[in-house]
Amino acid sequence: MLKLAERMGRAKPSAIMLVAEKAKKLKAEGRDIISFSIGVPNFLPGDHVYTAARDSLAKDSGSYGSNRGPDALLDAFLKHLQEGGFEGYERKHVATGIGAKQVLFNVMYALLNEGDEILIPTPYWTSYLDIADILGARSKLLYCSPEQHYKLTAAQLEAAITPETKVLLFNNPSNPTGMVYTHEEVRALADVLVKHKIWVISDDIYNRMIFDGLGYAHLVKARPELKDRVILIDSLSKTYGMPGWRMGFVAGPVEVAQAIVTLNSNHITNVPEVVNAAAVAALTGPQDVPVLKNKEFEAKRDLVMAALGKCPGVICPKPQGAFYVFPDISVSYGKSHQGKLIQNDVDFCNALLDAKGVACVPGSAFGEPRAIRISYTCPSAQLPDGLQRIVDFFAELA
Ligand SMILES: Cc1ncc(COP(=O)(O)O)c(C=O)c1O
């Protein structure tokens, strides 16, 4: 009997996709479904992005591109970094890939041997754990409760790092919680990290989606001496409404960027030229769409929070970024809805979808079985209806 590689036994399909698929199936059957499940921004980039893509097609050379990415794109990303306050990065420090997910996979592949320890603050974005599992790394989950606003504390980090630790995965703003670390919190974490020689993968893809005038803090800006071991991950998917275009970036030490280029040269070769051209236009063109959408998401966040405030016993720290809310709904456990007993987050999401046609993702997909994730990027007209259905669902629990 021929067998797949052992590592495939550790590979799992994305749990978020499973919920999205079920919601899609119900919709196809004619059910009135409102999806709060998948993390898509649900808007399109500005016209200039499409114009650049069309121009690129008209000039297509038909040949392979650079494994790192074309200079125009690297320079556009470097400018974007500089405007964000990240100094001293050059082309040799950056590389591109097929979305942040593929870049992350490459970075983790480049850093982690089998058995190496990676610290993953929990709740986490599902793929961190799944990629670590595929690579045979040892994930140490650092549980961050709703009471601590789902954020890793400096004391927790200090206590978790041992001589075995190789990498910390840090995501700010966070998917699934939407939480944003303050300057003080980031500074405290950076102060711990300077004392311990470990790599840090900083998944920054929601860095432009921050509300309440909070501002964006970063480990490298807090302690610039960390620059030689903090690896920045960015993407156009969320900020620019371009998830399907698949453009991701990495910035970090020369040897890490070079490792990504070497891996690219052995699998993807290059991101398609038409996507590269669209990406340059997104980064360098008018920024009104991302700015406008950020305002819209902030207002939607307020609507979600107001609705959850009407659900007795639900605990929900107020998110200040991305487009997710992550309420602790465990007050419903042990209760029933229309005769269906709810014992956990999966039961809750199934009952909500079946009874009210609202799709959310069970928190256990992110390592927090007391919560669910609400992704609130649906059309504005649908949001109040979807939220009211959740409020009604809670009111009907017995
Ligand atoms: C925290 C986080 N990192 C990375 C990604 C992957 O983004 P991309 O579409 O660029 O692959 C996502 C997508 O949902 C995400 O939420």
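Residues numbered from 1 in each chain as written. Predicted model: local features only at pLDDT ≥ 70, side-chain atom pairs only at ≥ 80, totals over all residues.

A separate point is the overall build of the chain. Along the chain, the regular secondary structure elements total 13 helices and 14 strands. Over its C-alpha trace the chain gives a radius of gyration of 21 Å, about what one expects of a compact globule, namely 21 Å for 398 residues. Referenced to the eigenvectors of the C-alpha coordinate spread, the extents of the chain come out at roughly 60 × 60 × 55 Å. The burial tally for the chain puts 46% of its 398 residues in the buried class. Put simply, 74% of the contacts in the chain that link residues at least 6 apart link residues at least 24 apart. (Helix = DSSP H or I, 4+ residues; strand = E, 2+ residues; numbered from the N terminus. Rg over C-alpha atoms; globule rule 2.2 N^0.38 Å. Buried ≥ 20, exposed ≤ 12 C-beta atoms within 10 Å, placed from the backbone. Contact = placed C-beta atoms within 7 Å.)

Let's shift gears to the sheet that holds strand β9 (residues 324-325). The strand order across the open sheet formed by three strands is β9-β14-β13, and the pairing between neighbours is antiparallel. In the strand order of this sheet, the two ends are held by β9 and β13 (361-362), each with one partner. (Pairing = 2+ DSSP bridges.)

This part covers the site of the ligand. Around the ligand, the surrounding shell holds 13 residues, and the nearest of these are Gly99, Ala100, Lys101, Ser235 and Ser237. Looking at the shell around the ligand, its residues break down into four nonpolar, seven polar and two charged. (Near = placed C-beta within 6 Å. Nonpolar A, V, L, I, M, F, W, Y, C, P; charged D, E, K, R; others polar.)

Think of interface size as the accessible area that goes away when the parts come together; that is how it is often given. Taken domain by domain, the chain holds domain 1 (6-44 + 289-395) and domain 2 (47-284). Relative to domain 2, the C-alpha centre of domain 1 lies at a distance of 26 Å. Every contact between the two is made by 35 residues of domain 1 and, on the other side, 32 residues of domain 2. Going through the elements one at a time, α1 (15-28), α11 (288-308) and β9 are the ones with two or more residues in the side of domain 1 that touches domain 2. For the side of domain 1 that touches domain 2, the element with the most residues is α11, which contributes six residues. When grouped by side-chain class, the residues that make up the side of domain 1 that touches domain 2 number 20 nonpolar, seven polar and eight charged. (Domains from an automatic or database assignment.)

Across the sheet, seven strands lie side by side as β2-β8-β7-β6-β5-β3-β4; this open sheet has mixed pairing. Because the sheet does not close on itself, it has two edges, and the strands there are β2 (94-97) and β4 (138-143). On average, each strand axis in the sheet is inclined to that of its neighbour by 20°, with strand direction left out of account. Sheet topology note: the strand β3 (residues 117-122)/β4 ladder contains six bridges and is parallel. Each residue of the ladder has a partner; that of proline 121, found in β4, is leucine 142. Each of β2 and β8 (248-251) touches helix α3 (residues 71-83); the most contacted strand, β2, lies at about 115° to it. Strand contacts of helix α5 (residues 126-135): β3, β4 and β5 (165-171), with the helix running at about 160° to β3, the strand carrying the most contacts. (Axes fitted to C-alpha atoms, helices over the stretch in contact; angles between N-to-C directions.)

A few words on the packing of helix α2 (residues 47-58) against helix α10 (residues 273-284). Viewed as axis vectors pointing N to C, α2 and α10 meet at an angle of 145°, and their least axial separation amounts to 8 Å. Here the hand of the crossing between α2 and α10 comes out right-handed. In contact with His48, Val49, Ala52, Ala53, Asp55, Ser56 and Leu57 of α2, α10 contributes Glu273, Val274, Ala277, Ala278, Val280, Ala281 and Ala282. The residue makeup of the contact of α2 with α10, split by class, is ten nonpolar, two polar and two charged. (Left-handed = near helix turned anticlockwise from the far one by under 90°.)

A few words on the pairing of strand β6 (residues 199-203). Among the five residues that make up β6, five are buried, leaving the element largely enclosed by the rest of the structure. Burial along β6 is two-sided: Trp199, Ile201 and Asp203 facing one way and Val200 and Ser202 facing the other are all buried. One ladder, built from five bridges, connects β5 with β6; its direction is parallel. Among the inter-strand pairings, leucine 169 is bridged to a residue of β6, identified as isoleucine 201.

Our focus in this paragraph is the UniProt feature "domain: Aminotransferase class I/classII large" (unreviewed entry) in the chain. According to UniProt, the feature "domain: Aminotransferase class I/classII large" (unreviewed entry) maps to residues 32-390 in the numbering used here. Note that residues 32-390 is 38% helix and 15% strand, and that its end C-alpha atoms are spaced 14 Å apart. (UniProt positions renumbered as here; feature names shortened; annotations may be inferred.)

Our focus in this paragraph is the nonpolar core. Burial of nonpolar side chains together is a common tendency in soluble globular proteins. Counting residues in each nonpolar core, the largest one holds 115 residues, and the members touching the most others are Val107, Ile231, Ile233, Val250 and Ala278. If one sorts the elements of this core by residue count, α10 sits on top with eight residues. When residues are assigned to domains, this core turns out to be shared by domain 1 (6-44 + 289-395) and domain 2 (47-284), each giving three or more. Discounting chain neighbours no more than four positions away, the residues touching valine 107 are Ile201, Ile231, Ile233, Val250, Val256 and Ile260. (Core = buried A, V, L, I, M, F, W, Y, C linked by C-beta atoms within 7 Å.)

Okay, helix α4 (residues 99-111) next. Here α4 is 13 residues long and its end C-alpha atoms lie 19 Å apart, about the 18 Å a rise of 1.5 Å per residue gives. Every buried residue belonging to α4 is among Gly99, Ala100, Gln102, Val103, Leu104, Phe105, Asn106, Val107 and Met108, and all of these are buried. Against the buried residues of α4 lie β2, α5, β6, β7 (230-235), β8 and α9 (254-266). (Expected span 1.5 Å × (residues − 1).)

Along the chain, serine 37 turns up in the loop between β1 (34-35) and α2. Placed 336 residues apart in sequence, serine 37 and arginine 373 show a C-alpha to C-alpha distance of 7.3 Å. Each residue touching serine 37, except ones within four places of it in the same chain, is listed here: Ile16, Val19, Ala20, Ala23, Ala359, Cys360, Val361 and Ser375.

As a further point, take unusual backbone geometry. That bond from threonine 122 to proline 123 is cis: its omega, 10°, falls within 30 degrees of zero. For the bond running from asparagine 172 to proline 173, omega is -10°, close enough to zero to count as cis. The backbone of threonine 269 sits at a positive phi, close to 70°, despite the residue not being glycine. Mapped onto the secondary structure, threonine 269 falls in the loop between α9 and α10.

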